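Observations on the three-dimensional arrangement
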Amino acid sequence: MVKQEEQLLADRPDNTAFTQQRLPAWQPMLSAGIVIPGFVLIGLAFIGIGVALFVTSQSIQVLEMDYTGRETTSGCFKCTDPDTKNCVCQLDFDIDTLIKGPVFFYYGLSNYFQNYRRYGVSKDDTQLSGDLDNFINPSDTCSPYDTDNDKPIVPCGSIANSMFNDTFVLHQLINGTKKLVPFDGKGIAWWTDYNVKYRNPGVKPLKDAFKDTVKPPFWPKPAYELDPSDPNNNGFINQDFLVWMRRAALSDFRKLYRRIARGDYTQGLPAGNYSLEIHYNYPVLSFNGRKKVVFSNVSWMGGQNEFLGIAYLVVGSMCIIMSIVMLIVYAKFKFPEED
Amino acid sequence: MTRLHHLAASAPQRPQTELANDAGLTQTDNVLRSHKYSPLTFLPLTLFEQFQRVANLYFLLMVVLQCVPAISAIPWYITIIPLTIVLSVRGVKDLANDMARRRSDAKINSRPCDVLISQRFNKGQWRDLHVGDVVRIHKDQVIPADLLLLCSSEPHSLCYVETADIDGETNLKFRQALSATHDELTSQPSEETLAAFNGVVFCEEPNNRLYVFRGQLHWRGESSLLENEHVLLRGTVLRNTEFAYGVAIYTGADTKIMRNCGKLRVKRTRTERVFNRVVIGIVLCVLLTALFLAIGAGVFSSWVMSHTEDASLLVVDDNPAYTGFLIFWSYIILLSPAMPIALYISFEVIHSVHSLFIGWDMDMYWQPADRPAQARNTSLNEELGQVGYLLSDKTGTLTQNHLLFRQCCIAGEIYGDPSVRAEDTEPMDLSWNPFSRGGLFMSAPGLLEKLRGQQCPLSRQFLRALCLCHTVTAEWKEEAPVYQAASPDEEALVGAARELGWVFLSRTRDFIVVSELGVTRQYQLLALLDFTSKRRRMSVLVREPEGGLKLYCKGADIVILERLQKDSPYQEEIERALELFAQACLRTLCIAVRSVPEESWELWSKTQAQAAAMATVDRDTLLEKLHDQMERELQLIGVTAIEDRLQEGVPETIALLQQAGLKVWVLTGDKKETAVNIGYSCKLLDAETRLVEWQELRQILQSPDPEVIFFKARQTELWAVDKQSAGAKTAVVLTGPELAEFEQRPEWGASFMSLAEQCQSVLCCRVTPGQKADIITLVRKHTRAVTMSIGDGANDVNMIKTAHVGVGLEGVEGGQAVQNADFALSQFRFLQRLLLVHGRWSYRRISFFLLYFLFKTCGFALVHIWFGFFNGFSAQSLYENWFIAFYTVFYTAAPIMCVAFFEQDVNADSSLRWPELYKSGQRQELSSPLVLCSSLLYAVYTSLVLFFIPLGVYYDTAYDYQTMAVTVAMAATFTATVEIALLTRYWTKFNVAAVCVSVVLFFISTRISQSTFLFQKSPVDYFFIGVSDKAFIDPLVWLAALLATWTAVLPSVTALALNVILTVHDKHKVHSVSRQPVELRSKLKRGTSLRRSSYALSQGAGPGRLITSGTCIHSTVPTLDEKVASSNYPTDSRGQIHIKTNNHVTNGT
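1. A short note on unusual backbone geometry
At the junction of Gly101(A) and Pro102(A), the peptide bond is cis and its omega measures out at -5 degrees in the coordinates. Topologically, Pro102(A) is positioned in the loop between strand S3 (99–100) and strand S4 (103–110). Between Val154(A) and Pro155(A) the backbone carries a cis peptide bond, its omega angle lying at -10 degrees. Note on placement: Pro155(A) falls in the loop between strand S6 (151–152) and helix H6 (158–161). Although it is not a glycine, Asp140(B) sits at a positive phi angle of roughly 65 degrees. Inspection of the secondary structure puts Asp140(B) in the loop between strand S5 (134–138) and strand S6 (146–152). Even without glycine at this site, Lys683(B) takes up a positive phi of about 65 degrees. Within the secondary structure, Lys683(B) sits in the loop between helix H19 (672–681) and strand S29 (690–692).

Structure (structure tokens):
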């Protein structure tokens, strides 16, 4: 009997919550009582974060120095002539108070478009991961720095070719004597870059892998001689190379050069006179670029960043203002003038 | 004229057809082909069709561009994956649809029919039929092709067809074979004579004129003219006729009904059109932006060249113009995600799901027929939420075309109670009546008592009038008469008389046999003055068995009341009854009687015979005058009140829809009176409504300033009738011929529509299917509103196709209307739910979907423009490639799809309780170009925030490009998620799951695509290795993403908050308004005089001619002799002879 009925009503729709669109659901009922306090709370939270960020940012000590040498008075002016080779200049500076360690030493470039697309794609990830096939046949993406006189360039491409090659030596001047500030160049690159993304070919010695290849035209020495003293910092896994290869987001950027956390400088850079010896190789004036060095310590939020704190404060205040406006509007509606 | 040559003479096989001239005749078989793919053509055709869509073509172009290394900003596979998905989903859908069409075609094509082959009728299928084939049609069979009727099993080769599927009229039509073929082929009705038929038919080229056929038959040296009367059209149903034989003259696509179907028009929704325009706008903007960026790139590269003496560190080409050119294409690729590729396919999926919901709705399921609602066209759902004009058919749509005798007033006394619903009427004890078949929904024991007690001669006369004065024919089935009436009113009246004991048994040309309370009496029929729409009455003049002439007359009240004798008794009471009946929305007819002296009859009949013999134009006027003479000095006996049963829930539905701001118009082929009457009974018109008819309308339209005149006309009239009534209610009533004038005066259209917009309703009567469509075209042309038409018959097909949305009501038979409709419903009242619930929801959901989709795709893609200013316009992407590929598909698709499936701001019941909510759809509040553009602007704002906040954070820091990319991606995903959370007001478990899963998916798949494993598989494709490891634990990244997200959504959060605060008041107001359910019964004020006397007849003259000529009367009454013989009364032997032998004798005329 039931079966028969079922058969008769074969096309009867299922009476389920889903088909009848009666799914149980939470329907948030917003009211002024939720919205306005909500805005106040969020505003306060943002202001709180903003204050924390701002205070933290202010507590970070930063020493920033331009050494482009554009001005004639600058110590590095003599090095700006492109014809000068192996030019060394000095940058002397004083530190009034201790810069708490660990101190990070960055070099910074401006008006330098590492984020230019044709520049950014001009590399061969396969080659850089140690694939010997791509040593002989670099990828087309490396063009125009893929071959030089029909010999493959390794590492090929624009990024590698344009590697930053200024070097720095820092001395503290104590009573007229120069005391070398030891740099720590280990682990300044990303772990994945050092351990996964960039690999030297398995050939020993490393030089053999580069047989029949040429160095990038801009480089003074081939890749296998980047740090002959340490095989774990040579070739494609050279920390400076890795740092350079990680493209900057914007045209003004810094890159970590060294950490200062060794010897007497574990606690930071004490107050005093310092002299930075710069091996000036990298031309930037031709494109109105700037070079600088930065000494900075870091906090939980990384380096100094005033923008973020201020932005949080501004947005938080906007929320508070908005909630006040809403309150006024609400009051007008809730208690409309008589009649 | 195309010549059809029919040779059948000696052919041993099936008769062959030869086309003398094949112009216009394209198809000679009878196969219905509505499918378009074959296994071979599917792939090319579907690809061809799909790439006609600009969006698909655009993305194909993108894929091609991405294959060029010099400009490939993002790899080619990022675009081809979604494109392939889109194409294949669409292709599968088309294929499924085509298969379904193929199946339904096959079903129709394989319907059985008997075809004459080799002198024998073989069971064949519709598809086997060819022009020239002789076909045998059985009773109740659908006619497979347009046939020339050769002969039938009935006398005079008459046959009856039901044309409901073609013109919506349910009364039977007569068709009659040529006497030439009838005489020859029925003398020995056998296959041989039919097979020997070798006439030649000349006929018109196939056309779509349903009511006109002209042709000639040449046979045996004679030629006879063929007319519509001789043709059986495909789609009609043979009724009350055992067999009919015909020869196919038009088959398949040439048949009239197929020609009438019109071309299939692809319907597009208004929202889709607006959105298409916006998408084109986006494309243009993208092109323009790309151009500007390309110029920037050229300038930048020339600057770089001028500043870099030695080998450039950057890779730039020598030629800045060439660089610009390449960059232009690169940016087009990079910005292409702003063009939402997944949009159209998501759109279709959402539409399909909404359509499923319509089919699943229990409240639109019609249990008696086991039929759920059906969305046949699954791309119009949101249009259902914007309908401004509902144009409805009447018969079968508003009404059931089922007339019930509900009340009567005899000699001033009213019987029956209209306040009781017909089904609830207490059935009277009619067991004494052997002919009772039920179907009388009137409880009046008092009347029965009077009738059976022989107390009241007037009530007896009343019933006698009912059972004599009509054109019904009786057919005997199972010992009881079954009535065949040209008009359903008559059927109801005669049926009611039968129930009450006055049984109409049979008629011949000259006699009407009735059984009065078991006593068989025979009345000699002297004259039948038939009904015409002008006369609005009909009379019979009979000689009573006792002798004495009586004229029984029934007709519209106005007509009858002016023909009464002076001081007719009960007139006042009856007029009061008329008003009462009118208030109950019943159709009334006045019944009157007159005794005619023998001598005046003789004189009259002589004059009439003379007049009838005249062949001049004056004849009709003369006859008219004569009839008028006879129908005078009447004595009013009573009034009948018939309920034209409305479909269930029609008045409530119409009232609800009107509250929802819809204009409901009625388009019907029926008479004006009937239409107006129905207008009142289904609450389309109120008692206060002033009807503007053509004369007045014409004057208004002709005047230089129609609106002012119209306004004045309305004002003055109202002033006179009802001072208090503030709302001026007006309705326009038009008829088909009047509408035809619009074609000559196209300039009237606009002013008519502006007037009609202020009217409560417009009724169009006596309109042809074509005119129905024209009216819709008129509405579409002059208003911006969405039109919906609803109908049930083949005569509505045209308008169903023409309207933005066509709804077909599945009647008893089902048929053409549903086949061509976008939505199929079983009941008119389901329209409430379809529009106010499903339509409104669909509109909101789809609008939200579109707005959000636009926002999320543009907001995320436009970031590249701003980034361009900081990377030397180099078309550098700010995202990982995989993020671009997955963002629209995985990270943001599911939540908005859930909103598009489940969102409801108010539930179904509330939607129906506050129909005013529907108006927002009509006003396009959520889908206007303005709203879409504001959504675009918001997207631009978002993209600015998404880029510039990370820019501020990362400027001059040691953070690299890839970390920034992940930050922006994170912010973009968060923004899209927060935005959808703000949009969702109805959180089902699916919504919650979708939102959570999407966000989690972002983190998971970002980690996966940046994993060591994938990098080692393909370093080139997964070069973002390790970024998320670092970024996701870096507080600065999170803080930046959080700030960007909150800043990006701040405007919409603020807007939402302000909205909440501002609408608190309004909502309170809306909810506090107490609502009464729509009342069924009209609340007519006293003193309104609104008699509605009417009588439904099909177009054209009544069948009186056939009755008086005797042709339609036949003797399928084998038991009548005994019945008559066993009666108590001596009967007139002449009548009996006629009855027995009328087949052969009474065909004299």
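The rest of the description comes next.
2. Some points on the nonpolar core
With 213 residues, the main nonpolar core has Trp244(A), Leu269(A) and Phe295(A) as its most contacted residues. Among the elements that make up this core, the one with the highest residue count is helix H38 (residues 1035–1072) of chain B (15 residues). Those residues in contact with Trp244(A) that sit more than four places away from it in its chain are Tyr107(A), Leu109(A), Tyr112(A), Gln114(A), Tyr119(A), Ile159(A), Ser162(A), Met163(A), Phe164(A), Phe253(A), Lys255(A) and Tyr282(A). Of all hydrophobic cores here, the second largest spans 55 residues; its members include Ala444(B), Leu447(B), Leu468(B) and Ile512(B).

3. Looking at the state of the cysteines
Residue and element names in this part refer to chain A. Tallied over the full model, the rule gives 3 disulfides over all chains. For Cys79, the disulfide goes to Cys87, at an S-S distance of 1.7 Å. Because the torsion about its S-S bond is -60 degrees, the bridge between Cys79 and Cys87 counts as left-handed. The partner cysteine of Cys142 in its disulfide is Cys156, sulfur to sulfur 1.9 Å. Of this pair, Cys142 sits in the loop between helix H5 (133–136) and strand S5 (147–148) while Cys156 sits in the loop between S6 and H6, placing them 14 residues apart in sequence. Its relative accessible area of 0% is what places Cys142 among the buried residues.

4. Here we look at the packing of helix H29 (residues 881–891) of chain B against helix H35 (residues 989–1009) of chain B
All names here are of chain B. Where H29 meets H35, the axes come as close as 11 Å, and the angle between the chain directions of the two elements is 155 degrees. Considered as vectors, H29 and H35 are oriented roughly antiparallel to each other. Crossing hand, H29 versus H35: right-handed. For the pair formed by H29 and H35, the contact residues are Trp882, Phe883, Phe886, Phe890 and Tyr891 on the first element and Ser998, Leu1001, Phe1002, Ser1005, Thr1006 and Ser1009 on the second. Classifying every residue of the contact of H29 with H35 by side-chain character gives 7 nonpolar, 4 polar and no charged.

5. Digging into the interface of chain A and chain B
Listed per partner, the contact involves 82 residues of chain A and 94 residues of chain B. Contact between chain A and chain B buries roughly 7,700 Å² in total, counting both sides, with carbon and sulfur atoms accounting for 65%. Broken down residue by residue, the surface that chain A buries against chain B is led by Gln21(A), Tyr116(A) and Arg117(A), which jointly contribute 11%. Where chain A packs against chain B, one counts 3 salt bridges. If you look at where chain A meets chain B, you find 27 residue pairs in polar contact (both at pLDDT 80 or more). Among the secondary structure elements, those contributing two or more residues to the side of chain A that touches chain B are helix H2 (32–59), helix H3 (117–120), helix H4 (125–128), helix H7 (191–197), strand S9 (253–260) and helix H10 (306–334) of chain A.

6. A closer look at a nonpolar patch on the surface
Residue and element names in this part refer to chain B. A surface patch of nonpolar side chains, amounting to about 490 Å² of accessible area, comprises Leu288, Leu291, Phe292, Ile295 and Val299. Along the chain, the position of Phe292 falls in helix H8 (residues 270–307). Accessibility expressed as a relative area gives 56% for Phe292, which makes it exposed.

7. So, the sheet that holds strand S7 (residues 158–162) of chain B
Residue and element names in this part refer to chain B. Spatially, 3 strands are ordered S8-S7-S13 in an open sheet, and the strand pairing comes out antiparallel. With one partner strand each, in any of the chains shown, strand S8 (172–176) and strand S13 (237–239) form the two edges of the open sheet. Averaged over all pairs of adjacent strands, the angle between strand axes in this sheet comes to 45 degrees, irrespective of strand direction.

8. Thoughts on helix H30 (residues 893–902) of chain B
Counting buried positions along H30(B) yields 9 of 10 residues, so the element is predominantly enclosed. For H30(B), the full list of buried residues reads Ala893(B), Pro895(B), Ile896(B), Met897(B), Cys898(B), Val899(B), Ala900(B), Phe901(B) and Phe902(B).

9. Quick word on the pairing of S7(B)
Remember that side chains alternate between the two faces of the sheet whenever the strand is regular. All names here are of chain B. Counting buried positions along S7 gives 5 out of 5 residues, so the element sits mostly inside the fold. Along S7, one buried face is formed by Leu158, Tyr160 and Glu162 and the opposite face, lined by Cys159 and Val161, is buried too. Note: S7 against S8, 5 bridges, orientation antiparallel. Opposite Glu162, over in S8, you have Leu172 as the bridge partner. Where S7 meets S13, 3 bridges bridge the pair, whose relative direction is antiparallel. Note that in S13 the partner of Val161 across the bridge is Leu238.

10. A closer look at helix H11 (residues 445–452) of chain B
Think of an α-helix as turning once every 3.6 residues; residues three or four places apart then point the same way. All names here are of chain B. Those residues of H11 that sit buried are Leu447, Leu448, Lys450 and Leu451. Burial along H11 is one-sided: seen end-on, the buried residues are contained in an arc of 165 degrees. In this structure, H11 carries Pro445 and Glu449 as exposed residues pointing more than 90 degrees from its buried face. In this structure, the buried residues of H11 make contact with strand S17 (399–410), strand S18 (413–415), helix H12 (457–468) and strand S21 (502–507).

11. Here we look at the sheet that holds strand S26 (residues 587–596) of chain B
All names here are of chain B. Pairing is antiparallel across the open sheet formed by 9 strands, whose spatial order is S18-S17-S27-S26-S25-S24-S23-S22-S21. Only two strands of the sheet have a single neighbouring strand rather than two, namely S18 and S21. Between one strand axis and the next, the sheet turns through 30 degrees on average, direction left out of account. Across the sheet, helix H15 (residues 571–583) touches S17, S18, S26 and strand S27 (635–646), and the angle it forms with S27 is around 5 degrees.

The rules behind the values
- Residues numbered from 1 in each chain as written.
- Chains lettered and ligands numbered in written order.
- Predicted model: local features only at pLDDT ≥ 70, side-chain atom pairs only at ≥ 80, totals over all residues.
- Heavy atoms only, no water.
- Helix = DSSP H or I, 4+ residues; strand = E, 2+ residues; numbered from the N terminus.
- Core = buried A, V, L, I, M, F, W, Y, C linked by side-chain atoms within 4.5 Å.
- Buried < 20%, exposed > 50% of the residue type's maximum accessible area, 1.4 Å probe, protein only.
- Contact = heavy atoms within 4.5 Å.
- Disulfide = S-S within 2.5 Å.
- Axes fitted to C-alpha atoms, helices over the stretch in contact; angles between N-to-C directions.
- Parallel < 35°, antiparallel > 145°, perpendicular 65-115°, else oblique.
- Left-handed = near helix turned anticlockwise from the far one by under 90°.
- Nonpolar A, V, L, I, M, F, W, Y, C, P; charged D, E, K, R; others polar.
- Buried area = accessible area lost by both parts, 1.4 Å probe.
- Salt bridge = Lys/Arg side-chain N within 4 Å of Asp/Glu carboxyl O.
- Polar contact = N/O pair within 3.5 Å; in protein donor to acceptor, adjacent residues only side chain to side chain.
- Patch = residues over 30% accessible without salt bridge, like charges linked within 9 Å, V, L, I, M, F, W, Y side chains within 5 Å.
- Areas by Shrake-Rupley, 256 points an atom, 1.4 Å probe, with all protein chains shown as cover.
- Pairing = 2+ DSSP bridges.
- Arc of directions from axis to C-beta.

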